[in-house]
Amino acid sequence: MTHDSGGADDFAEQQDSTVPDLRLVPSAVGAWTACGLGVAAGTSAAVVLAVACVTVVAGCGLWTAATGSRRRIVTVAAAALVVTAAFAGTTALRVDAVASGPVRAYAEAGRFVGIDGVVSEDPREIRGAAATLVVLSVRAHRVASGRDAVTGPADLTVLAAGAEWMRVAYGTPVTFRARLAVPDRPGLVAAMARPTGPPSPGTPPWWATAATSVRSALAAASDRALPPESSGLLPGIVVGDRSGLLPEVEENFTEAGMSHLTAVSGANFAFLVGAVVLLARACTLGPRATVLVAGLALVAFVVIARPSPSVLRAAVMGVLGLLAFLTGRRRHAMPALATAVIVLLAVDPALAVSWGFALSVSATAALVLLAPVLLRWWVGDPDSPDGPPVRSPVRGAVVVAVAAHLVTAPIVAAMAGRSSLYAVVANVLAAPVVGPVTVVGAAAALVAVVDVDIGALVAGVTRLPLTWLVEVARVSASAPGAQIPTPDGLAGALVVGGVAVGATGVWWWLRAPRIPGGREGPGCRPPVGRSSGDCSDPPRAPSSRPR
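Novice: Quick question: what am I supposed to make of the overall build of the protein here?
Specialist: What the protein contains, in helices and strands, is 19 helices and eight strands. By the burial criterion, 40% of the 547 residues in the protein qualify as buried. Contacts in the protein between residues far apart in sequence, at least 24 positions, make up 72% of those at least 6 positions apart. Of the roughly 28,200 Å² that the protein leaves accessible, carbon and sulfur atoms contribute 65%.

Novice: How should the environment of alanine 34 be read in this particular structure?
Specialist: With respect to the helices, strands and loops of the structure, alanine 34 is situated in helix H2 (residues 25-41). C-alpha separation for the pair alanine 34 and alanine 50, spaced 16 residues apart in sequence, amounts to 8.1 Å. Excluding residues within four positions of it along the chain, alanine 34 makes contact with Leu49, Thr84, Phe87, Ala88 and Thr91.

Novice: Sorry, what's going on with the pairing of strand E4 (residues 173-181) here?
Specialist: Burial along E4 is one-sided: Val174, Phe176, Ala178 and Leu180 are buried, while Pro173, Thr175, Arg177, Arg179 and Ala181, pointing the other way, are not. In this structure, E4 lies alongside strand E6 (residues 200-201), joined through two bridges in antiparallel fashion. The partner of threonine 175 across the bridge, within E6, is serine 200. In this structure, E4 lies alongside strand E5 (residues 191-195), joined through four bridges in antiparallel fashion. What sits directly across from arginine 179, in E5, is arginine 194.

Novice: Sorry, what's going on with the environment of alanine 191 here?
Specialist: Structurally, alanine 191 can be placed in strand E5. Put simply, alanine 191 and alanine 181 are 10 residues apart on the chain and 5.7 Å apart in space, counted from C-alpha to C-alpha. Apart from the residues lying within four places of it in its own chain, the contact partners of alanine 191 are Val103, Ala107, Asp155, Leu156, Thr157, Leu180, Ala181 and Pro183.

Novice: When you look at helix H3 (residues 43-67) in this model, what are you seeing that I'm missing?
Specialist: Look at H3: 36 Å from first C-alpha to last across 25 residues, which is about the 36 Å you get at 1.5 Å a residue. For H3, every residue scored as buried is listed here: Ala46, Leu49, Ala50, Cys53 and Thr64. Residues of H3 that are buried sit in contact with H2 and helix H4 (72-99).

Novice: Which parts of the structure should I look at to understand helix H5 (residues 102-109)?
Specialist: Every buried residue of H5 is listed here: Val103, Arg104, Tyr106 and Ala107. Seen from one end, H5 has its buried residues packed into an arc of 155 degrees, which puts them on one side. Facing away from the buried side of H5 by more than 90 degrees, the exposed set consists of Glu108 and Ala109. At its buried positions, H5 is contacted by H4, strand E1 (112-127), strand E2 (132-145), strand E3 (148-160), E4 and E5. Remark: glycine 110 follows H5 within two positions and exhibits a positive phi of approximately 65 degrees.

Novice: It is not clear to me how the nonpolar core should be interpreted in this structure. Could you clarify?
Specialist: Nonpolar side chains in soluble globular proteins tend to end up buried together. Within the largest apolar cluster, 43 residues are counted, with the highest numbers of intra-cluster contacts made by Leu233, Leu234, Phe253, Met258, Phe269, Leu466 and Leu469. The leading source of residues in this core is helix H16 (residues 423-450), at nine residues. Sequence-distant contacts of phenylalanine 269, that is, excluding residues within four places in its chain, are made with Val264, Gly274, Leu298, Phe301, Val302, Val311, Ala314, Ala315 and Gly318. Listed in part, the 30 residues of the second largest apolar core include Val138, Leu156, Trp165 and Ala178.

Novice: Can you help me understand the pattern of salt bridges in this one?
Specialist: Side chains that differ in sign of charge can pair as their charged atoms come close. Throughout the structure, instances matching the rule amount to eight salt bridges. One salt bridge in this structure joins arginine 215 and aspartate 122, with 3.5 Å as the shortest N-O distance. Of this pair, arginine 215 sits in helix H6 (residues 206-225) while aspartate 122 is found in strand E1, placing the two residues 93 residues apart along the sequence. Given the relative accessible area of 9%, arginine 215 is considered buried. Put simply, glutamate 255 and arginine 418 hold a salt bridge, and the shortest N to O gap is 3.5 Å. Here arginine 418 lies in strand E7 (residues 418-420) and glutamate 255 lies in helix H9 (residues 247-255), a separation of 163 residues in the sequence. Because the salt bridges share partners, they merge into one network encompassing Asp122, Arg215 and Arg306.

Novice: Help me understand the side chain of arginine 215 in this model?
Specialist: At a separation of 3.4 Å, a polar atom in the side chain of arginine 215 contacts the main-chain carbonyl oxygen of valine 239. When sequence neighbours within four positions are dropped, the list of residues in contact with arginine 215 reads Asp122, Val239, Asp241, Ile304, Ala305 and Arg306.

Novice: What should I look at first to understand the side chain of aspartate 348 in this one?
Specialist: With respect to the secondary-structure elements, aspartate 348 resides in the loop between helix H13 (330-347) and helix H14 (355-379). Buried charged residue aspartate 348 carries no salt bridge. Nearest counter-charge: arginine 94, at 5.3 Å. Setting aside residues up to four positions removed in sequence, aspartate 348 forms contacts with Leu188 and Pro309.

Novice: I tried to follow the packing of H9 against helix H18 (residues 463-478) on my own but got confused; where do I start?
Specialist: The N-to-C vectors of H9 and H18 enclose an angle of 65 degrees; their axes lie 8 Å apart at closest approach. When you trace H9 past H18, the crossing you get is left-handed. Each of Asn252, Phe253 and Glu255 in H9 lies in contact with H18, whose residues at this interface are Leu469, Val470, Ala473, Arg474 and Ala477. Grouping the constituent residues of the contact of H9 with H18 by class yields five nonpolar, one polar and two charged.

Novice: Explain the pairing of E1 here, please?
Specialist: In regular strands, side chains alternate between the two faces of the sheet. Examined bridge by bridge, E1 and E4 share seven bridges and lie antiparallel to one another. Note that in E4 the partner of glycine 117 across the bridge is valine 174. Direction of pairing for E1 relative to E2: antiparallel, over a ladder of 11 bridges. Across the sheet, glutamate 125 pairs through a bridge with valine 134, a residue of E2.

Novice: So what exactly am I meant to see when it comes to a nonpolar patch on the surface here?
Specialist: Taken together, Val506, Trp508, Trp509 and Leu510 make up a surface patch of nonpolar side chains, about 430 Å² in accessible area. Note on placement: tryptophan 509 falls in helix H19 (residues 489-511). Overall, the relative accessible area of 49% leaves tryptophan 509 in the partly exposed class.

Novice: Help me out: how do you make sense of the environment of leucine 245 in this one?
Specialist: With respect to the helices, strands and loops of the structure, leucine 245 is situated in the loop between helix H8 (233-239) and H9. Considered as a pair, leucine 245 and leucine 233 are 12 residues apart in the sequence and their alpha carbons are 5.8 Å apart. The residues touching leucine 245, leaving out its near neighbours within four places in the chain, are Gly232, Leu233, Glu250 and Thr262.

Cut-off values and rules
- Residues numbered from 1 in each chain as written.
- Predicted model: local features only at pLDDT ≥ 70, side-chain atom pairs only at ≥ 80, totals over all residues.
- Heavy atoms only, no water.
- Helix = DSSP H or I, 4+ residues; strand = E, 2+ residues; numbered from the N terminus.
- Buried < 20%, exposed > 50% of the residue type's maximum accessible area, 1.4 Å probe, protein only.
- Contact = heavy atoms within 4.5 Å.
- Areas by Shrake-Rupley, 256 points an atom, 1.4 Å probe, with all protein chains shown as cover.
- Pairing = 2+ DSSP bridges.
- Expected span 1.5 Å × (residues − 1).
- Arc of directions from axis to C-beta.
- Core = buried A, V, L, I, M, F, W, Y, C linked by side-chain atoms within 4.5 Å.
- Salt bridge = Lys/Arg side-chain N within 4 Å of Asp/Glu carboxyl O.
- Polar contact = N/O pair within 3.5 Å; in protein donor to acceptor, adjacent residues only side chain to side chain.
- Lys, Arg positive; Asp, Glu negative; His and termini not counted.
- Axes fitted to C-alpha atoms, helices over the stretch in contact; angles between N-to-C directions.
- Left-handed = near helix turned anticlockwise from the far one by under 90°.
- Nonpolar A, V, L, I, M, F, W, Y, C, P; charged D, E, K, R; others polar.
- Patch = residues over 30% accessible without salt bridge, like charges linked within 9 Å, V, L, I, M, F, W, Y side chains within 5 Å.

Shown next as structure tokens:
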């Protein structure tokens, strides 16, 4: 008699490799909760949370010492509580430093000050009924009020009027006078500044100048090669530059649930880094050289797209999604995502109350966790006795769009108080051309730096795909019921989330295999080449007992 234990071990190992490792997820959730509570509710709430976590950890330690238990769940929970307490404490210190700082005191008094700083986010226009304002972020290093002056970093949100402010690019040193006010949103912004006149710009660093040159070259090439509705769209898709986007096109993309295409997202980085990796492999570069080239391309694109917190977040999420796709190792993707969340929150705790951060993390998690499950429900079990199912890129694109929409729709409802009915269909129709447009547009930008006319020829390749995107957005936005009003805030998230869960449950119920009598057959697939109702037992791991 022989023992057939190897087959069982292989089966167990295969099953274990497909199960995501979620041990770091509680720590990431704890860090997110601590930062969000500290930024939104203030120092006192963060301190209370830190003390509560430390108390519970101490209690767990005493219980473990008394019982001698070494359960894994206790270790994971204790680690999450320690991380939560640490982030709550550090966030409390940072929030207190901003709230009790001299710049906030100037804002509370409504003082007029002189500001020296550096533009930390590109200006953008906000069109209102009465006037058009320019909004930008400035990292101030000196704020002077009369004879008093405060030195040190302070983040300011600038609300300005005048075309001069639109010409101040990222990384440019600026000097201006403004009246300070208390910010109307939670965060680590020390004050809102309303300038009393135009800025006095300085000379930006070389890398910022180079990035601006690339962005300007792409815009010029797009204007020469594309019609008006598409010329502003290409820079938006490639580098997030929406300054040339027509208002009606931007509104259509928002109504159709496609506005993420006109901002720098994780998909941009995934497409570009993926293209660089494929090019490096085609040039027969080794693994180390490929990683080096891909890393340089990633850094260059971050600089061109502006290294703001939102762009850095998109870069991290895009690389994680690309790694999950290329390696197929779902088990290791969630620890990487959780680690990225923890690191990003440590750098900028204000991301915890950022809608963009929540959308990026949830969409990446959906790609890693939900999309493979939905694809398995749709195409079937690859270990089925009927043979592996037939997979197609179309099904993969649909599943990715559905998974992303299911997890992001509640967040969008909480943020905007509405939900897009045709977002999944619109994004599925747009998906085949977004990648090529991004890669070709990046090539056009690099070529246009050398020669705008040749860059325009390269940009012209995207004419038909961009026209397709514009038409998809227009038709989707004008279709009946394109936008469904929902409650905003927590109520909207719960309503839309409940609908998403219910729709997923109905889909699972309809796709679940069944046996006569209406009962579900756990391992039974619809009969193929067998008599109706015939259902074999599910495949089992080889037995390890002797025969």
